Amino acid sequence: MKILVVGGGGREHTIIKKIRENPSVTEIFALPGNGGISKDAKCVDIGAKETDKIVEFAKKENIDFAIVAPDDPLVLGTVDLLEKAGIPCFGPDKKAAIIEGSKVFSKNLMKKYNIPTAKYETFDNMEDALSYLETAPVPTVIKADGLALGKGVVIAMTRDEAVNAVKSMMQDKVFGESGNHIVIEEFLEGPEVSVLSFTDGKTMVPMVSSMDHKRALDGDKGLNTGGMGTIAPNPYYTPDIADRCMKEIFLPTMEAMNSEGRTFKGCLYFGLMLTENGPKVIEYNCRFGDPETQVVLPLLKTDLLDIMMAVSNETLDKINVEFSESSACCVVMASNGYPGKYETGFEITVDDDFKGNLYIAGAKLDGEKLLSGGGRVLGITAVGDSLKDAVEKCYMQVEKVHFENAFYRKDIGQRALKA
Ligand code: AMP
Ligand code: GLY
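Since we're looking at a predicted model, the values are computed, not measured.

Q: Is there a simple way to think about the layout of surface pockets in this case?
A: If you roll a probe as big as a water molecule over the atoms, it shows you where there is empty space left. There is about 270 Å³ of room inside the second largest pocket. Around the second largest pocket, the lining comprises 15 residues; the ones closest to its centre are Gly36, Lys39, Leu358, Ile360 and Leu370. Secondary structure elements with two or more residues in the lining of the second largest pocket: helix H1 (10-19), strand S20 (357-360) and strand S22 (369-372).

Encoded structure:
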C-alpha cells in the first residue's frame, strides 16, 4: 500500500514510524515532511496548505490511503478533495473540522447540547466586547475565533489586560481575520488533561490520556508554546473521571456533530480541565495533538493503519483498540529563544547508545548531516513500567542527543508525579 501523510512535524514523524509497522505498507510519502522524517518516508516539497498540489500528487502516485494530520489542511477541506478524487482518508472533512476551526462554533455546539464548558459570550463588534468587560469577572479568557497557531488565547488577570487583548485581536488584528469574532469566557482552574479519541461517527474510542506542558520554562513559567513535553497516562484522569467524560462529553460531542450534519471521522482531541465542578471542555482539536501523539502512539498496541482504515470505512466497532499498561514521557528539545526569535542550522548528533524514540519536528538535511530547522527541533520519548521510570529513562536519552543552542524543560512529568 502507498500511504500519503500531509504534514511535517514531530506528530507526523510519530504517525509515520507507527504506520511503517504495518507489513502491507510499501511506501510512505510525507508532504512536506522534514529532513529527519526523510529517513522514514519520501519527503516531497509540497506544503501542507497547497491543497491542489496535494490532490494532484496523490492521484499521480495512485495513493491508496491518505492521512491528513495538521489543523490547517483539515480546516481547508483537503480531505473532501482527496475523497472526491477517490482517495480514502483519515481525518475529518471541512464541515467537521470546524469544531477546531471556529471557537464560536464549538462553544455554541457545547451550549446547544449541554456539554460542560466554561461560560462564555461571543462578540463580533469591539464596542460590545469592551462594554461587556466593564462588569465581567476577572481573571477572564479571551479567544480569537479561528486558527491562530495555538496562540489565539489570552488569559487576562486584570481588566486592563483583557481590554488590551480585545483591542489587539479586534482592532490591531494580530491574528488576522481570526480576530473578527472573539469568545470571552470564564476562567477555569484545575489540572488539564488531553484525551485523543478515534471516532467514525458511530463508535467513540478514547486513547490513553496525556498531559501537555505548554509553557516554555520549568515550573510552567514563560510563554505559551506548541508544547514542550508530554506524559501518558495522565494520573489525574482516574477511571471514574474517564467514565464521566465518556458519558458527559465524548459521546455527546460525537452525537452533537451527527445531529448538526457534521459527522466527525478521524482523531477528535478533547482538551479538558478537571474543575471542582467536574470535567469541562477547554478546547476541541480536529486532529492528533503535538506532542501528545509522541507519548500516546508508542503505547498503542493495535495496528494504527488498521484503526485508521476502519475509521474511514466506518467499521471502528470491529476493531479492538488496545493500549499497553506502561507509561511514556516525551521531552521536546527546542532552539534557544523559542517561542520568540531563535537561530537554526546547527548539526544534530545522536550518540550510538541512544535507546529512545526520536521524533524530528524541525530539521533539514545538508548532505549526510541533519541540521536544526525550527523552534521545536525534536522530541525524545521513552516508555517505562511506571511514570517515574519513563521520566527517568527519557531524561537519560535526552543526554545523548546534541545540537548547539538546544534548550529543553527539566521538569516534564514532575507535576504528574506529585498527583
Ligand atoms: P488553547 O489554545 O485553547 O489550547 O488554550 C491554551 C491554554 O489556555 C489551555 O491549555 C489552558 O491552559 C488555557 N485556557 C484556555 N481556556 C481557559 C479557561 N477558560 N480557563 C483557564 N485556562 C484556560
Ligand atoms: N499540544 C496541543 C495541541 O496539539 O494543540
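And the narrative resumes.
Q: Just checking my understanding: could you explain empty space enclosed by the protein for this structure?
A: The final tally for this structure, using the stated rule, is two cavities of 30 Å³ or more. Of the voids in this model, the largest cavity is the one considered here, and its volume is about 60 Å³. Taken together, Gly10, Gly227, Asp290, Pro291, Gln294, Val332, Tyr359, Ala361, Arg376, Leu378 and Gly379 make up the lining of the largest cavity. Counting residues per element, the lining of the largest cavity draws most heavily on strand S23 (residues 376-384), which supplies three residues. Class assignment for the residues of the lining of the largest cavity results in five nonpolar, four polar and two charged. Within this model, the second largest cavity holds a volume of roughly 40 Å³. Of the residues that constitute the lining of the second largest cavity, the class distribution is eight nonpolar, two polar and one charged.

Q: Help me understand the site of ligand 2, please; the structure alone is not making it clear to me.
A: Around ligand 2 sit Asp212, Gly226, Tyr269, Asn285, Arg287, Gly289, Asp290, Pro291 and Glu292, and that is every residue in its neighbourhood. One of the side-chain N or O atoms of Asp212 is found 2.8 Å from a nitrogen atom in ligand 2. In this structure, Asn285 approaches ligand 2 through a side-chain N or O atom, which is 3.2 Å from an oxygen atom. Notes on ligand 2: free accessible area 200 Å², of which the protein chains cover 89%. Residue composition of the shell around ligand 2, grouped by class: two nonpolar, three polar and four charged.

Q: Whenever I open this one, the site of ligand 1 confuses me. Can you help?
A: Around ligand 1 sit 15 residues, and of these Glu185, Glu186, Leu188, Glu192 and Glu283 come closest. In this structure, a nitrogen atom belonging to ligand 1 sits 2.7 Å away from a side-chain N or O atom of Glu185. Contact distances for ligand 1 include 2.8 Å between a nitrogen atom and a backbone N or O atom of Leu188. Burial of ligand 1 by the protein amounts to 90% of the accessible area it has alone, namely 480 Å². Elements that contribute at least two residues to the shell around ligand 1 include exactly strand S7 (140-144), strand S8 (153-156), strand S9 (182-186) and strand S17 (278-285).

Q: Can you walk me through the sheet that holds strand S11 (residues 204-206) in this structure?
A: Within a sheet, neighbouring strands are paired by backbone hydrogen bonds and run either parallel or antiparallel to one another. The four strands lie next to each other as S11-S10-S16-S17, forming an open sheet whose pairing is antiparallel. Each having just a single partner strand, S11 and S17 make up the two edges of the open sheet. Adjacent strand axes in the sheet meet at a mean angle of 35° when their direction is disregarded. Where strand S16 (residues 266-275) and S17 come together, seven bridges link them in antiparallel fashion. Counted as the bridge partner of Thr275 is Gly278 from S17.

Q: Can you help me understand H1 in this one?
A: An α-helix turns once every 3.6 residues. As a result, residues three or four positions apart point the same way. Taking burial as the measure, the 10 residues of H1 include nine buried ones, the bulk of the element. Listed as buried for H1 are Gly10, Arg11, Glu12, His13, Thr14, Ile15, Ile16, Lys18 and Ile19. Residues of H1 that are buried sit in contact with strand S1 (2-7), strand S2 (27-32), strand S4 (65-68), helix H10 (293-296), helix H11 (304-313) and S20.

Q: Just to check I follow, could you spell out the sheet that holds S9 for this structure?
A: Pairing in this open sheet of four strands is antiparallel, and the strands run S6-S9-S7-S8 from one edge to the other. Among the strands making up the open sheet, the edge pair consists of strand S6 (120-123) and S8. On average, each strand axis in the sheet is inclined to that of its neighbour by 20°, with strand direction left out of account. In the packing of helix H6 (residues 103-112) onto the sheet, contacts are made with S6, S7, S8 and S9, and the angle to S6 comes to roughly 140°.

Q: Before we go on, may I ask you to explain the side chain of Thr78 in this structure?
A: Summarising the element assignment, Thr78 is placed in helix H4 (residues 78-84). Since its relative accessible area comes to 0%, Thr78 is described here as buried. Here Pro73 takes part through its backbone oxygen, which lies 2.7 Å from a polar atom of the side chain of Thr78. For Thr78, the residues in contact, after removing those within four places along its chain, are Thr51, Ile54, Val68 and Pro73.

Q: Sorry, what's going on with the nonpolar core here?
A: In summary, soluble globular proteins display a tendency toward joint burial of nonpolar side chains. One finds Leu4, Leu82, Ile99, Phe250 and Leu272 to be the most contacted residues of the largest nonpolar core, which totals 44 residues. Among the elements that line this core, the one with the most residues is helix H9 (residues 239-259), at six residues. Each residue touching Phe250, except ones within four places of it in the same chain, is listed here: Val195, Met204, Pro206, Tyr237, Cys245, Phe270 and Leu272. Grouped together as the second largest cluster of nonpolar side chains are 39 residues, Ile19, Ala232, Leu305 and Cys330 included.

Parameters and conventions
- Residues numbered from 1 in each chain as written.
- Chains lettered and ligands numbered in written order.
- Predicted model: local features only at pLDDT ≥ 70, side-chain atom pairs only at ≥ 80, totals over all residues.
- Heavy atoms only, no water.
- 1 Å grid on protein atoms, 1.4 Å probe; cavity = no way out; pocket = protein on both sides within 12 Å on 5 of 7 lines; lining within 4 Å.
- Points joined across faces, edges and corners; volume = space filled by probe spheres on them.
- Helix = DSSP H or I, 4+ residues; strand = E, 2+ residues; numbered from the N terminus.
- Nonpolar A, V, L, I, M, F, W, Y, C, P; charged D, E, K, R; others polar.
- Near = heavy atom within 4 Å.
- Polar contact = N/O pair within 3.5 Å; in protein donor to acceptor, adjacent residues only side chain to side chain.
- Areas by Shrake-Rupley, 256 points an atom, 1.4 Å probe, with all protein chains shown as cover.
- Pairing = 2+ DSSP bridges.
- Axes fitted to C-alpha atoms, helices over the stretch in contact; angles between N-to-C directions.
- Buried < 20%, exposed > 50% of the residue type's maximum accessible area, 1.4 Å probe, protein only.
- Contact = heavy atoms within 4.5 Å.
- Core = buried A, V, L, I, M, F, W, Y, C linked by side-chain atoms within 4.5 Å.

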